[in-house]
Amino acid sequence: MGIATPEIADGGIKVSWDAVDSATGYALYRSVDGGDWLQIKPDEDALYIEDTFYIDENVESGKAYAYAVAVVINESRGILNTDNAPVIKYIAPAKITGAINGSNYSKISWAAVEGAVSYDVYRADDIENAQETLIGTVDSQQLSYIDNSVEAGKTYVYTIKVNDGEKTSVSSDGFKHTFLTIPQIKSIANAYGGITFT
């Protein structure tokens, strides 16, 4: 058997493989950054995986992972073939940390992601539909984006995707932000008992 196909998914790396007739389970192995092959246990009480996929949540952004699987029939494990096992570099999703309003813009900020080359910024103008549009791309040194095409009183949903030069991460969680204009003081005058602002 041997070949297990990995892909970046929500929560980590999803690994899938073809089903084998009469199999009672599958033994999944992993190599990190070209290191030793170690078996992944689905939980403390189980050695083998019954499904034909597994989501590996124990991953770190910027590291490379390879997977191989051996078929299990009645507790007897088949040969583990790690030749030509596909390798995938995991890129974690970004986490938006906040947003502030300026005079005519909103500034969106997020935390740095290990292995990032650039960040794609998406915006949904309709929070019900959440149809995303790419509004900008910044390099990995920049952890914020100024959106100057906002309208007063309107709520937007922002998401970030991380690029490592070869592929893109899953989207960050959507971040809702309402653009509110900053009131402009037109005049200041002395008044009885204090100062009047208009």
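Right above here is the structure, for reference.
It should be emphasised that the depicted structure is a prediction, and the values quoted were computed from it without experimental measurement. (Residues numbered from 1 in each chain as written. Predicted model: local features only at pLDDT ≥ 70, side-chain atom pairs only at ≥ 80, totals over all residues. Heavy atoms only, no water.)

A.B. asks: Run through the sheet that holds strand 13 (residues 132-139), naming residues and quoting values.
C.D. replies: Strand pairing in a sheet is mediated by backbone hydrogen bonds. Such pairs are either parallel or antiparallel. Sheet architecture is open: four strands sit in the order 13-12-15-16, paired in antiparallel fashion. Whereas interior strands pair on both sides, the edge strands pair on one side only; in this sheet they are strand 13 and strand 16 (175-178). The average undirected angle you get between the axes of adjacent strands in this sheet is 30°. Of the pairings in the sheet, the one linking strand 12 (residues 118-124) to strand 13 comprises seven bridges and is antiparallel in character. Across the sheet, residue Ser 118 finds its bridge partner in strand 13, namely Asp 139. (Pairing = 2+ DSSP bridges. Helix = DSSP H or I, 4+ residues; strand = E, 2+ residues; numbered from the N terminus. Axes fitted to C-alpha atoms, helices over the stretch in contact; angles between N-to-C directions.)

A.B. asks: Describe the sheet that holds strand 10 (residues 96-101), listing the residues and the values that go with them.
C.D. replies: Taken together, the three strands give an open sheet; going across it, the order is 10-11-14, and neighbouring strands pair in antiparallel fashion. The sheet is open, and its two borders are formed by strand 10 and strand 14 (144-147), each paired with just one other strand. For this sheet, the mean angle separating the axes of adjacent strands, direction not counted, is 15°. One ladder, built from four bridges, connects strand 11 (residues 106-110) with strand 14; its direction is antiparallel. Bridge pairing in strand 14 places Ile 108 opposite Tyr 145.

Note that all results are geometric; they support no functional claim without further evidence.
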